[in-house]
Amino acid sequence: MIAVVGAGPVGLTAALVLAHNGVPVTLLEQGPALGTASRASTFHPATLDLLAGLGVADEFIAQGRKVHDLQWRDRSGALLTRMSYHAIADRTAHPFRLHAEQTVLTPLLLKRLTAEVRWNTAVTAVHQDDDGVELVTGNGTLRADYVIAADGAHSAVRTALGLDFPGKEYPTYALRVITTTELDRLLPGLSPMTYFRDPVQSCSVLGLPDHWRVILRLPHTADPADVAVEELLHKALPTLADRVEVREAHTYRTSRRVIDDYRAGRVLFAGDAAHLTSTAGGMNMNCGIHDAVDIATALSHVVNGDHGSALLDEAARRRRNVVVDHVIPASEARVSGVDGQAGSVDAAVREIAVTASSPIEEARYLVRASMLDTAPGYPAPTLEGSVAS
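Looking up the protein chain in an unreviewed UniProt entry gives the name 2-polyprenyl-6-methoxyphenol hydroxylase, with the organism given as Lentzea fradiae. In its Cofactor (unreviewed entry) section, the UniProt record describing the protein chain reads: "FAD".

(A) Quick look at the sheet that holds strand 17 (residues 246-258). One open sheet accounts for eight strands, arranged 6-5-14-15-16-13-17-20; its pairing is mixed. A strand with exactly one partner marks an edge of an open sheet, and here the two such strands are strand 6 (79-84) and strand 20 (275-276). Pairing between strand 15 (residues 203-207) and strand 16 (residues 212-219): four bridges, direction antiparallel. Pairing of glycine 207 across the sheet is with tryptophan 212, part of strand 16. Contacting strand 5 (69-73) and strand 6, helix 11 (residues 359-369) crosses the sheet at an angle of about 75 degrees to strand 6.

(B) Here's a closer look at the pairing of strand 1 (residues 2-5). Alternating residues of strand 1 divide into Ile2 and Val4 and Ala3 and Val5, and every residue in both groups is buried. In the sheet, strand 1 pairs with strand 12 (residues 146-149) via four bridges, with the strands oriented parallel. Its bridge partner lying in strand 12, valine 5 is registered against alanine 149. Looking at chain direction, strand 1 and strand 2 (residues 25-28) are connected through four bridges and run parallel. Across the sheet, the residue bridging to isoleucine 2 is valine 25, located in strand 2. For the segment spanning strand 1, helix 1 (residues 9-20) and strand 2, crossover handedness is right-handed.

Cut-offs applied
The residue count restarts for each chain, going from 1 along the sequence in the order it is written. Only residues with pLDDT of at least 70 get local features here, since the model is predicted, and only at 80 or more are side-chain atom pairs given and counted; chain-wide, interface and lining totals rely on the full set of residues. With hydrogens and water stripped out, all remaining heavy atoms of the structure feed into the side-chain values. UniProt positions are given in the numbering used here, feature names are shortened, and annotations may be inferred rather than shown by experiment. In short, DSSP must find at least two bridges between two strands for them to pair. Comment: elements are numbered from the N terminus, with helices defined as DSSP H or I runs of at least four residues and strands as E runs of at least two. We call two residues in contact whenever any of their non-hydrogen atoms come within 4.5 Å of each other. For helices, the axis comes from a line fit to the C-alpha atoms of the stretch in contact; other axes are also lines fit to C-alpha atoms, and the angle between any two N-to-C directions lies between 0 and 180 degrees. For every residue, the accessible area (1.4 Å probe, protein chains only) is compared with the maximum for its type, and the residue is labelled buried under 20%, exposed over 50%, or partly exposed between those bounds. Note on handedness: a clockwise path from strand one over the helix to strand two, with the strands aimed away from the viewer, defines a right-handed crossover.

As structure tokens, this is what we get:
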């Protein structure tokens, strides 16, 4: 039996892949039910392709908002350049980005999962030997052959094993402003994913089915308690701000952290338990779902006797390399040119415009932005017959 710890999108995906492959699995979640907090909201084409294999893509897409092109504008709203996902239609069955709360996805994954789920089951200690892993929880002890830890940035499993989570906070923090004002009505033609780039104040806007988010990056020296939301909106979007009704605003800090090894004996790590990156580009959670598919597929092969345990080392190494060599550099590049220095902003916009002007370079950019170059190499699983009754 395999234990998966954490019933977020990563843990649910891992459990679903294991169950489909005939591997007995038990899912442990410290909370009483699926999480409801507003968190990740971006799903890239590579992830949608994997979710199609899990049998949930169509229903999920129907509840989200498709993004068919990326736009870059100046703060007056003038279009600087754009890229269309049509450029990668030959590389994916889903040539668009989807904006939807992860809380829309998790119930769909849970609905298809036939494995046992234990709620209100927090892991307090982990002991392992050559034959398996013992998880001590508030509801007793569970013995498993292997464990996939998908229990988030404050992973109880990682902490119980005494593993470091090296890294550091980024020198900026983010201000997220929520509005139900339909920004694309104020600025016709506005894409649900638009980057406003200007030396005065840059920001990004994301359109979801029922609201819009405006994301601004602020220097770490600024005191979050002193943030003047309306003033910042007027700096970033002077032609729109007076008509934007702010429903909610909050700040959050982001970190870059990566565990040294995604495998610790018979415990494997995925998602935020293994890595944290900048939220720019929406890659971290997508990468976590990819971790889950890759690691759970490899583990299925090992448990079913198709391969030796070296396959787990390969998957662990591969997933870590994706984060270090691809996800972190790409997400950090997304915030270059938003620091208020005219030279860096202008250079970043010029670079994007040159890329967008070349069909080949545009496609290459979107392949990377869509994570199609780093998605798991295994064929996406097909889960007919595994729907819970």
